Amino acid sequence: MEEIIKIENLCKSFGNVKAVNKLSLKVKNGELFAFLGINGAGKSTTISMICGNLKIDSGKIFVCGKDVAKDSEYIKNQIGVVFQESVLDKSLSVYDNIKFRAGLYGITLDKFDKRYNELEQLFDLKEIKNKPISKLSGGQKRRVDIARSIIHNPQILILDEPTTGLDPGTRKKIWNIIRKLRKDYKMTVFLTTHYMEEAADADYITILDKGKIIAEGTSLELKNKYASDTIIIYNITEEEIKKLNLPYKKVRDAYKIEIDNTKQATNLIIKNKNIFKDYEIIKGRMDDVFLSATGYELEGK
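Residues numbered from 1 in each chain as written. Predicted model: local features only at pLDDT ≥ 70, side-chain atom pairs only at ≥ 80, totals over all residues. Heavy atoms only, no water.

### Focus: the packing of aromatic side chains
Each aromatic ring pair is characterised by the separation of its centres together with the angle its planes make.
In step 1: Evaluated as defined, the whole model comprises 8 aromatic pairs.
In step 2: Judged by centre distance (5.0 Å) and plane angle (70°), the ring pair of Y95 and Y116 falls under edge-to-face. Pair noted here: Y95 is in helix 3 (residues 94–104) and Y116 is in helix 4 (residues 109–123), with a separation of 21 residues, a long-range link.
In step 3: For Y95, a relative accessible area of 18% translates into the label buried.
In step 4: Relative to Y116, the ring of F112 has its centre 5.9 Å away and its plane inclined at 40°; by these criteria the two rings are tilted. (Phe/Tyr/Trp six-rings, centres within 6.5 Å; stacked < 30°, edge-to-face > 60°. Helix = DSSP H or I, 4+ residues; strand = E, 2+ residues; numbered from the N terminus. Buried < 20%, exposed > 50% of the residue type's maximum accessible area, 1.4 Å probe, protein only.)

The following block contains the structure:
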């Protein structure tokens, strides 16, 4: 199955507010799909409908080839969800939180022990197994959240801002786990995030505003369309940089110019080999893409 999630003309309103407005998208099996937008853009509403937790006004959602409106129970078994706010019981231990969740899927006794041991190793839970959630750090809680969400070995993992508020080292650990889930379990990951460097690693990116997709494509496609590249040229004089007839900026011992894309950079370098002896090309950033496409900066950065 190439398309594991397919959404067609999806609509959802709350009173006079159109939270999702004729949204259509496709998520391919096994890919990392980034779903971006400011708070209130319609991301959480869409996720709730994908999971079958919120009724669709109109349109269709298919997950693993099944219609969410008709096969919600089947689909819930194919999806694991990690919300931004932890749903763990703070008074229970790590082990008991995961065991309780497993029971909802009929995973008990020896079957649970086997599955828990797999997750304990994957998420490095051995030392915190018997600790109550209230005693864990933010990064530890997040690991348990993700482990709990995939106790039933789903095909799709939905991550709603999974690393918000975590320090860079902890974020890196979480992403190492996510990469392993994709590689070893062939899991499809549907991601929302406020960290653009995380979105840049996605196979496909959509940017949502007021319930509609306003930009989509690969990271490279979006950068080429919405963000300028930068060339920094070293060891030249101001007289030489002026010969390019382009706006420039002095930066320490170099000059910086902005260009539309890599093709323009290539042509510029070929025509001015005597100037481009020591230089670097810096691709536009996803932050620039988001700002250019929406007019907003992402919150929570």
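### Remarks on the environment of K135
In step 1: By secondary structure assignment, the location of K135 is in the loop between helix 4 and helix 5 (138–149).
In step 2: Taking the C-alpha atoms as reference points, K135 and K172, 37 residues apart in sequence, are found 22 Å from one another.

### Details of the sheet that holds strand 9 (residues 204–209)
Across a sheet, strands are paired by hydrogen bonds formed along the backbone, either parallel or antiparallel in direction.
In step 1: Spatially, the 6 strands line up as an open sheet ordered 6-7-8-3-9-10, and their pairing is mixed. A single partner strand is all that each edge strand has here, and the edge strands are strand 6 (79–82) and strand 10 (212–217). Here the average twist between neighbouring strands, direction ignored, is 15°.
In step 2: In this sheet, strand 7 (residues 156–160) lies alongside strand 6 in parallel orientation, the contact comprising 4 bridges. Looking at strand 7, one finds that I79 is bridged to I156. (Pairing = 2+ DSSP bridges. Axes fitted to C-alpha atoms, helices over the stretch in contact; angles between N-to-C directions.)

### Concerning the sheet that holds strand 13 (residues 254–259)
In step 1: A sheet is described by the order of its strands in space; here 4 strands give the open sequence 12-13-11-14, paired in antiparallel fashion. The open sheet has two edge strands, strand 12 (249–251) and strand 14 (279–282), and neither has a second partner. The mean angle between the axes of side-by-side strands here comes to 25°, regardless of whether they run parallel or antiparallel.
In step 2: Sheet topology note: the strand 11 (residues 229–234)/strand 14 ladder contains 4 bridges and is antiparallel. Across the sheet, the residue bridging to I231 is I281, located in strand 14.

### Quick notes on helix 6 (residues 168–185)
In step 1: Here helix 6 spans 25 Å end to end across 18 residues, near enough to the 26 Å set by a 1.5 Å rise per residue.
In step 2: Those residues of helix 6 not exposed but buried are T170, R171, I174, W175, I177, I178 and L181. End-on view of helix 6: buried residues confined to an arc of 155°, all on one side of the axis. Among the exposed residues of helix 6, those pointing more than 90 degrees away from its buried face are P168, K172, K173 and K183.
In step 3: Put simply, D167 is the residue that caps the front of helix 6, since its side-chain oxygen is 3.0 Å from the backbone nitrogen of G169. (Expected span 1.5 Å × (residues − 1). Arc of directions from axis to C-beta. Polar contact = N/O pair within 3.5 Å; in protein donor to acceptor, adjacent residues only side chain to side chain.)

### Let's talk about the environment of P247
In step 1: With respect to the secondary-structure elements, P247 resides in the loop between helix 9 (238–242) and strand 12.
In step 2: Along the primary structure P247 and E258 are separated by 11 residues, whereas in three dimensions their C-alpha atoms are 7.7 Å apart.
In step 3: Residues contacting P247, with those up to four places away along its chain left out, are K256 and I257. (Contact = heavy atoms within 4.5 Å.)

### Focus: the pattern of salt bridges
In step 1: One pass over the full model with this rule turns up 14 salt bridges.
In step 2: Two residues, D201 and R179, come together in a salt bridge whose shortest N-O distance is 3.8 Å. Taken together, the residues span a long stretch of sequence, with D201 in the loop between helix 7 (196–199) and strand 9 and R179 in helix 6 at a distance of 22 residues.
In step 3: One salt bridge in this structure joins D288 and R285, with 3.6 Å as the shortest N-O distance.
In step 4: The class of R285 is partly exposed, set by a relative accessible area of 49%.
In step 5: Overlapping salt bridges bring together R171, E197 and E198 as one network. (Salt bridge = Lys/Arg side-chain N within 4 Å of Asp/Glu carboxyl O.)

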